[in-house]
Amino acid sequence: MKLAAIYNVFDGEELLEHSINSIKECVDYIIVVYQTTSNFGVFNPDVEDTVINLYKKGLINEYISYKTSPIGPQMNELNKKNIGLEKVKSLGYTHFMTMDCDEFYFKEE
């Protein structure tokens, strides 16, 4: 079994490092699909720098920038999740978990 964690990120990036640290010993690959502009046009100036810094620290294996489109919030979110899913499938991962920045797990559990 090869397990990948796919983070879907727009905000809450101040929690991302802590969430990653809670799962990093339990997963084989961590990918972040992020957007700098929300589905409603709000710009987040901090998310990209946070993601890139975590990549440079070695906490993220790969990141992908997603540009929102006028297809609606639900479809944008579905597209982001599918981008991550297709990427890890193409890399040979057999299992995945979708994650948000505010999700934390205990290794023992």
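The rules behind the values
Sequence order as written defines the numbering, with residues in each chain counted from 1. Totals for whole chains, interfaces and linings use every residue, but because this is a predicted model, local features are given only for residues with pLDDT of at least 70 and side-chain atom pairs only at 80 or more, for both listing and counting. Calculation of side-chain values draws on the structure's entire complement of heavy atoms; hydrogens and water are dropped beforehand. The rule is short: rings of Phe, Tyr and Trp, with Trp giving its six-membered ring, pair when the centres are within 6.5 Å, and they are stacked under 30 degrees, edge-to-face over 60, tilted in between. One side-chain nitrogen of Lys or Arg within 4 Å of one carboxyl oxygen of Asp or Glu is enough to make a salt bridge. Put simply, DSSP H or I for four residues or longer makes a helix, DSSP E for two residues or longer makes a strand, and each gets a number counted from the N terminus. Burial classes follow relative accessibility: with a 1.4 Å probe on protein chains only, a residue under 20% of its type's maximum area counts as buried, one over 50% as exposed, and anything between as partly exposed. Residues enter a patch when their relative accessible area is above 30% and they make no salt bridge; the linking distance is 9 Å between like charges and 5 Å between nonpolar side chains (Val, Leu, Ile, Met, Phe, Trp, Tyr). Here the accessible surface of atoms and residues is derived via Shrake-Rupley with a 1.4 Å probe, and residues count as covered only by protein chains that are part of the display. Neither His nor the chain termini are counted; the positive set is Lys and Arg, and the negative set is Asp and Glu. Taken as the charge centre is NZ of Lys, CZ of Arg, CG of Asp or CD of Glu, depending on the residue. When DSSP finds at least two bridges between two strands, those strands are taken to pair. Only C-alpha atoms enter the line fits that serve as axes; for helices the fit covers just the stretch in contact. Angles between N-to-C directions range over 0 to 180 degrees.

Trainee: Whenever I open this one, the packing of aromatic side chains confuses me. Can you help?
Mentor: The way to describe two aromatic rings as a pair is by their centre distance and the angle between their planes. Summed over all chains, the structure comprises three aromatic pairs. Ring centres of Tyr-55 and Tyr-63 lie 5.1 Å apart, and the angle between their planes is 80°; this geometry places the pair in the edge-to-face category. Cluster of aromatic residues (ring-pair linked, three or more members): Tyr-34, Tyr-55 and Tyr-63.

Trainee: Explain the pattern of salt bridges to me, please; I cannot follow it from the model alone.
Mentor: Pairs may arise between side chains of opposite charge once their charged atoms sit close together. In this structure the tally under the stated criterion is four salt bridges. A salt bridge links Glu-62 to Lys-87; its shortest N-O distance comes to 3.4 Å. One end of the pair, Glu-62, is in strand 3 (residues 62-65); the other, Lys-87, is in helix 3 (residues 73-90), and 25 residues separate them in sequence. Judged by relative accessible area, which is 18%, Glu-62 ranks as buried.

Trainee: Any chance you could explain a nonpolar patch on the surface here in plain terms?
Mentor: Judged by side-chain polarity, Ile-71, Met-75 and Leu-78 come together as a nonpolar surface patch covering roughly 260 Å² of accessible area. Turning to its location among the elements, Ile-71 is positioned in the loop between strand 3 and helix 3. Taking relative accessible area as the criterion, Ile-71 reaches 44% and is therefore assigned partly exposed.

Trainee: Help me understand a negative patch on the surface, please; the structure alone is not making it clear to me.
Mentor: Where like charges cluster on the molecular surface, the negative patch consists of Asp-11, Glu-14, Asp-46, Glu-48, Asp-49, Asp-100 and Asp-102. Its location among the elements puts Glu-48 in helix 2 (residues 47-56). Judged by its relative accessible area of 34%, Glu-48 is partly exposed.

Trainee: Even after reading the chapter, I still don't get the sheet that holds strand 1 (residues 3-9), so can you show me in this structure?
Mentor: Adjacent strands of a sheet form backbone hydrogen bonds with each other and so pair up, either parallel or antiparallel. Overall, parallel pairing links the four strands, which are arranged 3-2-1-4 in an open sheet. A strand with exactly one partner marks an edge of an open sheet, and here the two such strands are strand 3 and strand 4 (95-99). Each neighbouring strand pair of the sheet contributes to a mean axis angle of 20°, computed without reference to strand direction. In terms of strand pairing, strand 1 meets strand 2 (residues 29-34) through six bridges, oriented parallel. Considered in strand 2, the bridge of Ile-6 is made with Ile-31.

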